[in-house]
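Listed below, chain by chain, are the residues.
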Amino acid sequence: MTRNATLRLLWCLPLLLVGTLLTARPLPAAETLTARQILDRVDDAYRGNSSHGKMRMKVVTAHWTRELQIEFWSKGKEKSLARILAPLKEKGTATLKVDNDM
């Protein structure tokens, strides 16, 4: 992805999230929401019932750099699994969360 495409995506994301929030659930005129409630609704609308994805995480400190590749799954807010795909030293390490248990 080019730098310009990335910048355009970053500009569109907030609009997309707000649009999703506004179309997901119509609000009664008298209801007032806190910032936390608005963010929770956006999170619920974006998350859906389940999700799956892969990501790279780069950790940079003053003395070293490290990059992890992670695959993750979730079902609601109660269940999630993350598994490290790379580097080879950590490959296969996983974290499972069910409710408040890890």
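The structure reproduced in this document is the subject of the present report. (Residues numbered from 1 in each chain as written. Predicted model: local features only at pLDDT ≥ 70, side-chain atom pairs only at ≥ 80, totals over all residues. Heavy atoms only, no water.)

**Considerations on the pairing of strand S3 (residues 79-86)**
Then comes step 1: Examined bridge by bridge, strand S2 (residues 65-75) and S3 share seven bridges and lie antiparallel to one another. When the bridges of S3 are listed, Glu71 appears paired with Arg83.
Then comes step 2: The hairpin turn running from S2 into S3, its antiparallel successor, is three residues long, and Gly76 in that turn takes a positive phi close to 60 degrees.
Then comes step 3: Pairing geometry for S3 and strand S4 (residues 94-98), over five bridges, is antiparallel. Along S4, the bridge assignment pairs Leu81 with Leu96. (Pairing = 2+ DSSP bridges. Helix = DSSP H or I, 4+ residues; strand = E, 2+ residues; numbered from the N terminus.)

**A look at the sheet that holds S3**
Then comes step 1: Read across the sheet, four strands follow the order S1-S2-S3-S4 without closing on themselves; strand pairing throughout is antiparallel. In this open sheet, the two strands that pair with only one neighbour each are strand S1 (50-60) and S4. Strand-to-strand, the axes of this sheet are offset by a mean angle of 15 degrees, without reference to chain direction.
Then comes step 2: Pairing analysis gives 11 bridges linking S1 to S2, with the strands arranged antiparallel. Bridge pairing in S2 links Val59 to Arg66. (Axes fitted to C-alpha atoms, helices over the stretch in contact; angles between N-to-C directions.)

**Observations concerning the pattern of salt bridges**
Then comes step 1: In total, this model carries four salt bridges according to the counting rule given.
Then comes step 2: Two residues, Asp40 and Arg36, come together in a salt bridge whose shortest N-O distance is 3.9 Å. Residue Asp40 and its partner Arg36 are both found in helix H2 (residues 35-47); the two are separated by four residues, about one turn of the helix.
Then comes step 3: When its relative accessible area of 56% is taken as the criterion, Arg36 is described as exposed. (Salt bridge = Lys/Arg side-chain N within 4 Å of Asp/Glu carboxyl O. Buried < 20%, exposed > 50% of the residue type's maximum accessible area, 1.4 Å probe, protein only.)

**A word on H2**
Then comes step 1: Between the first and last C-alpha of H2 there are 18 Å, a value that for 13 residues agrees with the 18 Å anticipated at 1.5 Å per step.
Then comes step 2: Of the residues one or two after H2, Gly48 is the one with positive phi, at around 75 degrees. (Expected span 1.5 Å × (residues − 1).)

**Some thoughts on the side chain of Glu71**
Then comes step 1: Position of Glu71 relative to the elements: it lies in strand S2.
Then comes step 2: Among the polar contacts made by the side chain of Glu71, one reaches the side chain of His52 at a distance of 2.7 Å.
Then comes step 3: Ignoring any residue separated from it by four or fewer positions in sequence, one finds Glu71 in contact with His52, Gly53, Lys54, Leu81, Ala82, Arg83 and Leu85. (Polar contact = N/O pair within 3.5 Å; in protein donor to acceptor, adjacent residues only side chain to side chain. Contact = heavy atoms within 4.5 Å.)

**Details of a nonpolar patch on the surface**
Then comes step 1: The grouping of Trp73, Leu81, Leu96 and Val98 at the surface amounts to a nonpolar patch, some 310 Å² of accessible area in total.
Then comes step 2: Within the secondary structure, Val98 is located in strand S4. (Patch = residues over 30% accessible without salt bridge, like charges linked within 9 Å, V, L, I, M, F, W, Y side chains within 5 Å. Areas by Shrake-Rupley, 256 points an atom, 1.4 Å probe, with all protein chains shown as cover.)

So yeah, pure geometry; function would need other evidence.
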